[in-house]
Amino acid sequence: MDLGFIWFQLMTAIVPLMAFTILGIALVRTIKQWHHNENSPRLTVEAKIVCKRSDYRRTMNAKNHAYRGSRTNYFVTFEVESGDRMELELEGHQYGLLVEGDRGRLTFQGTRFLNFERT
C-alpha cells in the first residue's frame, strides 16, 4: 500500500474523532457549570464595580477567509465588602447600565449574574 494513502485514511479517522472529543468536552463543561449555578444559593451582597471589560471575536470562513460574524462577551468585576473580587459575565444591555465605581447590591447565583441595584 502507498504510505500517502495510509496517512490519508488515518487522518480521516482521527480528525473527526478529535472534533467530536473537543465538542463533547465543551458540552460537559457547559452542563457542569449550569448544574453548579443551579445548585448554588442566590446571594445578595454589598459590592462595588471595579472593572468592566468586553471580549470581541470575529468569525472567519477558513476556506476563503471571508467574514462570517462576530460575538461580544461582556464582563464586570465586582468587589465585595471582604475585599474579594469576582468577575461575572453579563448581557450587553445589563453591561451598558453599569459604571465603574458604582456601589450597590449585587445578586448572583454561582457564576451567574442576576442583578445589580445601585444604592
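Preceding this paragraph is the structure being described.
Residues numbered from 1 in each chain as written. Predicted model: local features only at pLDDT ≥ 70, side-chain atom pairs only at ≥ 80, totals over all residues. Heavy atoms only, no water.

J.: Is there a simple way to think about the packing of aromatic side chains in this case?
T.: Aromatic ring pairs are defined here through the distance separating the ring centres and the angle between the ring planes. For the coordinates displayed, the defined rule picks out three aromatic pairs. Judged by centre distance (4.7 Å) and plane angle (40 degrees), the rings of Y74 and Y95 are tilted. On the criterion of sequence distance, the pair formed by Y74 in strand β2 (residues 67-80) and Y95 in helix α2 (residues 92-95) is long-range, its members being 21 residues apart. Accessibility expressed as a relative area gives 23% for Y74, which makes it partly exposed. (Phe/Tyr/Trp six-rings, centres within 6.5 Å; stacked < 30°, edge-to-face > 60°. Helix = DSSP H or I, 4+ residues; strand = E, 2+ residues; numbered from the N terminus. Buried < 20%, exposed > 50% of the residue type's maximum accessible area, 1.4 Å probe, protein only.)

J.: Is there a simple way to think about a nonpolar patch on the surface in this case?
T.: Together, W7, L10, M11, I14, V15 and M18 make up an exposed nonpolar region whose accessible area comes to about 560 Å². Secondary-structure assignment places I14 in helix α1 (residues 3-39). Given the relative accessible area of 32%, I14 is considered partly exposed. (Patch = residues over 30% accessible without salt bridge, like charges linked within 9 Å, V, L, I, M, F, W, Y side chains within 5 Å. Areas by Shrake-Rupley, 256 points an atom, 1.4 Å probe, with all protein chains shown as cover. Salt bridge = Lys/Arg side-chain N within 4 Å of Asp/Glu carboxyl O.)

J.: Just to check I follow, could you spell out the pattern of salt bridges for this structure?
T.: It is possible for side chains bearing opposite charge to pair when their charged atoms get close. Considering all chains together, one arrives at six salt bridges under this definition. Among the salt bridges present, the one from E87 reaches R53, with a minimum N-O distance of 2.8 Å. Residue E87 is located in strand β3 (residues 85-90), and its partner R53 is located in strand β1 (residues 42-60); the two are separated by 34 residues in the primary sequence. Residue class for E87 comes out partly exposed when judged on its relative accessible area of 39%. With a relative accessible area of 35%, R53 lands in the partly exposed category. The salt bridge partner of R57 is D55, with a shortest N-O separation of 3.0 Å.

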